[in-house]
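Coordinate inspection notes
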Amino acid sequence: MDKEDGAVNRFHLKHVYESQQFDRELLDTLFRVADEIKADLIRGDRSRYRLEGKIMASLFYEPSTRTRFSFESAMTRLGGDILTTENARKFSSAAKGETIEDTARIMAGYADAIVMRHYESGSAERAARVSPVPVISAGDGAGQHPTQALLDMYTLKDNFGQIDRLRIVMVGDLKYGRTVRSLCYLLTKYDNIEIVFASPTVCRMEDDIKEYLDRYQVPWSEETELDQVLPEVDCVYMTRIQKERFVVPEEYEEAAGKYILTLEKVRTMKERAIIMHPLPRVDEIPSEVDADPRARYFDQAQNGLYIRMALLYLLLQQA
Ligand code: CP
């Protein structure tokens, strides 16, 4: 990206706590920087995008592999430093009753950005309200996971060349699944999108998202039979049934194991369709599917590095 094109200045966000904050222009800028970062990394050139002297604090109150380590890798590859804890719920002063707001105020004195994963919906926005440095949500309970949605959209663009005119089925835990919620918000920014929700009855997509899609005139439908939908969609977005979020254990038992994307089912999909999954998976995609060229979930996770490098750069260059 040329300095004079002003893209950094047009990236006017300070915090990232919900995906509705993004419009197409911001997404285009983010994807363009991510493309350049990806190309640079593949060439072994790290000279263009740098954040030397900047510090990112990662506060994870819930477990994570991809989000935490890709953010930490992103900051390290940009030449910045990180402050981190294995388990913020146990090893930060949250264990002594400190509020999210007080923690954010304090960490803002030690770091230039705070990446936060918390078990309560709305937690990142609460931190952002009091933090003088950028707060980036890394997932808030069953609320949203905006940076996952950003890398999901980047993966769609990477595969199809554009995001308009796609038919997507979201499968699994749509009630507690913060990734699908964030993804729905972003898909409304594009044209001729159609969404199908396929979930067990106990974890159907919530009404607030359906109403949002209606408001933005994005057609959606609910199906129980995945087999009928598979041959007609461009993307199958699988999700894990999240045992840890179910309050009633019997409901988890009812939902678990309902939708398994076997290789036999994958073979009914369009040749150019793709399979995505935010990961981790349990049993919903057997490992034998991994070798099918439609399986893109490992590329998707890798894209998280490029998107998070681009996001940190754009937020911190102007901070
Ligand atoms: N997709 C995702 O958020 O994975 P982690 O929980 O491993 O960060």
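Reading guide: rules and limits
- Residues numbered from 1 in each chain as written.
- Predicted model: local features only at pLDDT ≥ 70, side-chain atom pairs only at ≥ 80, totals over all residues.
- Heavy atoms only, no water.
- Helix = DSSP H or I, 4+ residues; strand = E, 2+ residues; numbered from the N terminus.
- Buried < 20%, exposed > 50% of the residue type's maximum accessible area, 1.4 Å probe, protein only.
- Contact = heavy atoms within 4.5 Å.
- Areas by Shrake-Rupley, 256 points an atom, 1.4 Å probe, with all protein chains shown as cover.
- Lys, Arg positive; Asp, Glu negative; His and termini not counted.
- Charge placed at Lys NZ, Arg CZ, Asp CG, Glu CD.
- Patch = residues over 30% accessible without salt bridge, like charges linked within 9 Å, V, L, I, M, F, W, Y side chains within 5 Å.
- Salt bridge = Lys/Arg side-chain N within 4 Å of Asp/Glu carboxyl O.
- Pairing = 2+ DSSP bridges.
- Axes fitted to C-alpha atoms, helices over the stretch in contact; angles between N-to-C directions.
- 1 Å grid on protein atoms, 1.4 Å probe; cavity = no way out; pocket = protein on both sides within 12 Å on 5 of 7 lines; lining within 4 Å.
- Points joined across faces, edges and corners; volume = space filled by probe spheres on them.
- Nonpolar A, V, L, I, M, F, W, Y, C, P; charged D, E, K, R; others polar.
- Disulfide = S-S within 2.5 Å.
- Right-handed = clockwise from strand over helix to strand, strands pointing away.

A few words on the overall build of the chain. A count of helices and strands for the chain gives 13 helices and nine strands. Within the chain, buried positions represent 55% of all 319 residues. Counting contacts in the chain only where the partners sit at least 6 residues apart, residues at least 24 apart contribute 73% of the total. Surface summary for the chain: the accessible area is close to 13,900 Å², and the carbon and sulfur share equals 45%. Side-chain charges in the chain split into 43 positive and 53 negative, and the spacing between the mean points of these groups amounts to 4 Å.

A contiguous patch of negative charge, built from Glu206, Asp207, Glu211 and Asp214, is present on the exposed surface. Mapped onto the secondary structure, glutamate 211 falls in helix H9 (residues 207-215).

As a further point, take the sheet that holds strand S3 (residues 113-118). As a general point, the strands of a sheet are linked pairwise by backbone hydrogen bonds and lie either parallel or antiparallel. An order of S2-S1-S3-S4 is seen for the four strands of this open sheet, with the pairing classed as parallel. Single-partner strands in this sheet number two, and they are strand S2 (81-84) and strand S4 (135-140). Strand-to-strand twist of the sheet, defined as the mean angle between neighbouring strand axes without regard to direction, takes the value 15 degrees. Where strand S1 (residues 55-60) lies against S2, four bridges are found, and the strand directions are parallel. Following the sheet pairing, methionine 56 is matched in S2 by isoleucine 82.

Approximately 420 Å³ is the volume attributed to the largest pocket. Every residue lining the largest pocket is counted, 21 residues in all, and those nearest its centre are Arg178, Arg240, Gln242, Leu279 and Pro280. Going through the elements one at a time, helix H3 (66-77) and helix H8 (178-187) are the ones with two or more residues in the lining of the largest pocket. Looking at the lining of the largest pocket residue by residue, the class counts come to four nonpolar, 10 polar and seven charged.

Bringing the state of the cysteines into the picture now. Taken as a whole, this structure holds zero disulfides when the rule is applied. Residue cysteine 184 stays outside any disulfide, its sulfur separated by 12 Å from that of cysteine 235, the closest cysteine. For cysteine 184, a relative accessible area of 1% gives the class buried.

Now for empty space enclosed by the protein. What the rule picks out here adds up to two cavities of 30 Å³ or more. The calculated volume of the largest cavity comes to roughly 60 Å³. Along its surface, the largest cavity is lined by Ile37, Asp40, Leu41, Asp45, Arg46, Tyr49, Arg50, Arg77, Leu78 and Met309. If one sorts the elements of the lining of the largest cavity by residue count, helix H2 (residues 24-43) sits on top with three residues. Among the residues forming the lining of the largest cavity, the class breakdown is five nonpolar, no polar and five charged. The calculated volume of the second largest cavity comes to roughly 50 Å³. Surrounding the second largest cavity, Arg66, Ser70, Gln148, Leu151, His277, Pro278, Gln300, Ala301, Gly304 and Arg308 form its lining.

Consecutive residues of a regular strand have side chains that alternate between opposite faces of the sheet. Within S4, six of the six residues are buried, which leaves it mostly tucked inside the rest of the structure. In the sheet, S3 pairs with S4 via four bridges, with the strands oriented parallel. The residue bridging histidine 118 from the neighbouring strand is aspartate 140, located in S4. Where the polypeptide runs from S3 across helix H6 (residues 123-130) and back to S4, its parallel neighbour, the crossover connection is right-handed.

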